[in-house]
Amino acid sequence: MSTIEIGGKTLELDADGNLANISDWNEEIARELAKSEGIEELNESHWQVINYMRKVFVEDGGAPSIRKLTKESGVNTKELYALFPNGPAKKSAKIAGLPKPKGCI
Amino acid sequence: MKKLLILGAGTAGTMMLNKFAKELDSNEWGITIVDQHETHYYQPGFLFIPFGIYNKKDVIKPKRDFFPRGVEVIVSGIDKIEPKENRVLLQNNQVLTYDYLIVATGSKINPKETEGLAGELWQKSIFDFYTVEGAVALADFFKHWEGGKLVLNITEMPIKCPVAPLEFVFLADSYFTERGMRDKVDIHFVTPLPGAFTKPKASSILGDFLSKKNISLTTEYNIAKVDNENKKIVSWDEIEIPFDVLITIPTNMGDEMIERSGMGDELNFIPTDNYTLMVDGYDNIFAIGDCTNLPSSKAGSVAHFQADILFENFLDVIDGREPRAKFDGHANCYIESGFGKGILIDFNYDTEPLPGKYPLPGVGPFSLLEETKMNHYGKIMFRWIYWNLLLKGKELPIESNMSMAGKRL
């Protein structure tokens, strides 16, 4: 199992390179994870998506798909791709410390 | 008298109907199946139609040819399921009650989900091959096409038969080569996935096939809209890809009836237990085949493996026991690779497609993740198996759970 070093702590990663334990996550770690995904700074809209992802994960036991994201997060698809280039669902899940969404098989 | 109601008489529903009609005592059980259509389509055959290998007649038969005696068949659309009341409302105004329900209503393409996809170029320069109408229209188009940019685009995952888009471009390569015009056709495979296929090892091997066959690959491409005027697809991050002919795999969704019943996710797929195939939250409803949200492939061969598991679990549940059989996500796909050859992959939830040999008593072995003529014959033979054995719920010499025999790690 691979690991990542953030703020002096060693965190375990799963096979997809996402955090293995969601309880390891905090906002500081999110900022670092974002940087490793090429997002230098997390703005208010980024946080709106990240917080929504974590809320859904707690409620449903899985990270939401891109469709659910656009339907319910209050951020539209176009904006999602601007915030998290290439794969909003996959990328925001990673930054939110969640496993890869099930739809992204 | 107990009632078993099956919704949908496609591959999965018809298999379940045949298995239970044989198993359940007709003095104790009444079995009813509902479907809005009277024609059964051999969907794996749609792929061959654009290239003139099959025609429409090769892929259709009346559904009634596959219904056993002693069951009630209702031809009607379904309005909705009322799962808490154990009843189903039909569009012909009939109300059906049930003790046990099996939902097998499949999935279908929804081109209207993407802006401009079902616009003025639909079936002129934009075609699907997931419907018989689309496949036939494309066959007519190809007959007279003089070449240009052929773009195949997968809109979003999940899709029915995730290998079919690859098979399409492999067959296109073969078809245009045999017609002596391959140099006039630029084939481009555009997918939202990070590689040619969903699983890493197969993705890399199949990706090599693409480059060997001179087919270009664009990955992680998420289409936002089609620009009909300029014949371009445009992604959410504004990457434009021009086409002369666009072969689209539109968004796949479960039936609207699932949405009306309040039983689906955002794509109208039914949240279902990955292993028992029971619908989440209900102890008398099963779901099978393409209508579920299982992370297994949406394909007839997968539904066939699920059918064996559902059958066992159903018998447990009606006896008041916990369901014991577990579906492992097994899929077994013959991939047509053109020029009379094919590639076979065999995998499940936990084991990705691996190279090696696939033993099949009496016929095999078949080579895994390698191009052989034998694998092509396997695919061609499957149509006969489908009509004559599989739909009728007969035993096939294939285990429902995946085996590691012959596979190389």
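Going along each chain's sequence as written, the residues are numbered from 1 onward. All chains are assigned letters beginning with A, and all ligands numbers beginning with 1, in the order in which they are written. Two thresholds apply to this predicted model, a pLDDT of at least 70 for residue-level local features and 80 or more for giving and counting side-chain atom pairs, whereas whole-chain, interface and lining totals are computed over all residues. As a convention, hydrogens and water are excluded, and side-chain values are obtained from all of the structure's heavy atoms.

### Brief notes about the overall build of chain A
Piece 1. In this text, helices come from DSSP runs of H or I with a minimum length of four residues, and strands from runs of E with a minimum of two, each type numbered from the N-terminal end. From N to C terminus, chain A includes five helices and two strands.
Piece 2. Counting helices and strands in the order they occur from the N terminus, chain A gives β-β-α-α-α-α-α.
Piece 3. Its C-alpha radius of gyration of 13 Å places chain A within 12% of the 13 Å reference for a compact globule of 105 residues.
Piece 4. Summarising its shape, the C-alpha atoms of chain A cover approximately 35 × 25 × 20 Å along the three principal directions.
Piece 5. Buried residues are those whose accessible area, probed at 1.4 Å on protein chains only, stays under 20% of the maximum for their type, while exposed residues exceed 50% and partly exposed ones sit between those limits. Every one of the 105 residues in chain A was classed for burial, and the buried ones make up 44%.
Piece 6. Only the protein chains shown count as cover for residues, and the accessible areas themselves come from Shrake-Rupley with a 1.4 Å probe. Within the structure as shown, chain A displays about 5,300 Å² of accessible surface, and the carbon and sulfur contribution to it stands at 47%. Between the two quantities, the radius of gyration covers C-alpha atoms and the globule rule is 2.2 Å times the number of residues to the power 0.38.

### Focus: the confidence of the model for chain A
Piece 1. By definition, pLDDT measures how confident the predictor is in each residue, and it falls between 0 and 100. The predicted model of chain A averages 87 in pLDDT, with 95% of residues at 70 or higher.
Piece 2. Within chain A, helix 3 (residues 66–72) of chain A has the poorest average pLDDT of any element, 82, and helix 1 (residues 27–36) of chain A the best, 93.

### Some details on the domain arrangement of chain B
All names here are of chain B.
Piece 1. Domain segmentation is taken from an automatic or database assignment of domains. Annotation of chain B at the domain level lists domain 1 (2–109 + 253–318), domain 2 (111–251) and domain 3 (331–390).
Piece 2. Using only C-alpha atoms to locate each centre, domain 1 and domain 2 end up separated by 30 Å.
Piece 3. In this assembly, 20 residues from domain 1 lie in contact with 25 residues from domain 2.
Piece 4. Buried area counts how much accessible surface, traced with a 1.4 Å probe, disappears from two parts once they are put together, with both parts' losses summed. Carbon and sulfur atoms make up 77% of the surface buried where domain 1 meets domain 2, a total of about 2,000 Å² over both sides.
Piece 5. Looking only at domain 1, the three residues that lose the most surface to domain 2 are Leu47, Phe51 and Ile109, adding up to 38% of its buried area. Residues are treated as being in contact if the distance between any of their heavy atoms lies within 4.5 Å.

### A look at the sheet that holds strand 12 (residues 148–154) of chain B
All names here are of chain B.
Piece 1. Between any two strands, at least two bridges found by DSSP are needed for them to pair. Here we have five strands laid out as an open sheet, ordered 11-18-12-13-14, and parallel in their pairing. Of all strands in the sheet, those bounded by a partner on one side alone are strand 11 (126–127) and strand 14 (216–218).
Piece 2. Pairing geometry for strand 11 and strand 18 (residues 245–249), over two bridges, is parallel. Residue pairing for strand 18: Phe127 is matched across the bridge by Ile247.

### Side note on the interface of chain B and chain A
Piece 1. In this complex, chain B contributes 16 residues to the contact, which on the side of chain A involves 12 residues.
Piece 2. Carbon and sulfur atoms supply 48% of the area that chain B and chain A bury against each other, a total of about 1,500 Å² over both sides.
Piece 3. Three residues, Glu220(B), Trp236(B) and Glu266(B), lead the burial of chain B against chain A; their summed loss comes to 42% of the area buried on that side.
Piece 4. Between Lys or Arg on one side and Asp or Glu on the other, a salt bridge is scored when a side-chain nitrogen of the former is within 4 Å of a carboxyl oxygen of the latter. Where chain B meets chain A, there are four salt bridges.
Piece 5. Lys78(A) serves as the salt-bridge partner of Glu238(B), at 2.5 Å between the closest nitrogen and oxygen.
Piece 6. For this analysis, a polar contact is any N or O atom pair within 3.5 Å, provided that within protein one partner can donate a hydrogen and the other can accept it, and provided that sequence-adjacent residues contribute only side-chain to side-chain pairs. Where chain B packs against chain A, one counts five residue pairs in polar contact (both at pLDDT 80 or more).
Piece 7. By the convention adopted, Pro, Cys, Tyr, Trp, Phe, Met, Ile, Leu, Val and Ala count as nonpolar, Lys, Arg, Asp and Glu as charged, and the other residues, Gly among them, as polar. Here the residues of the side of chain B that touches chain A are counted per class, giving five nonpolar, five polar and six charged.

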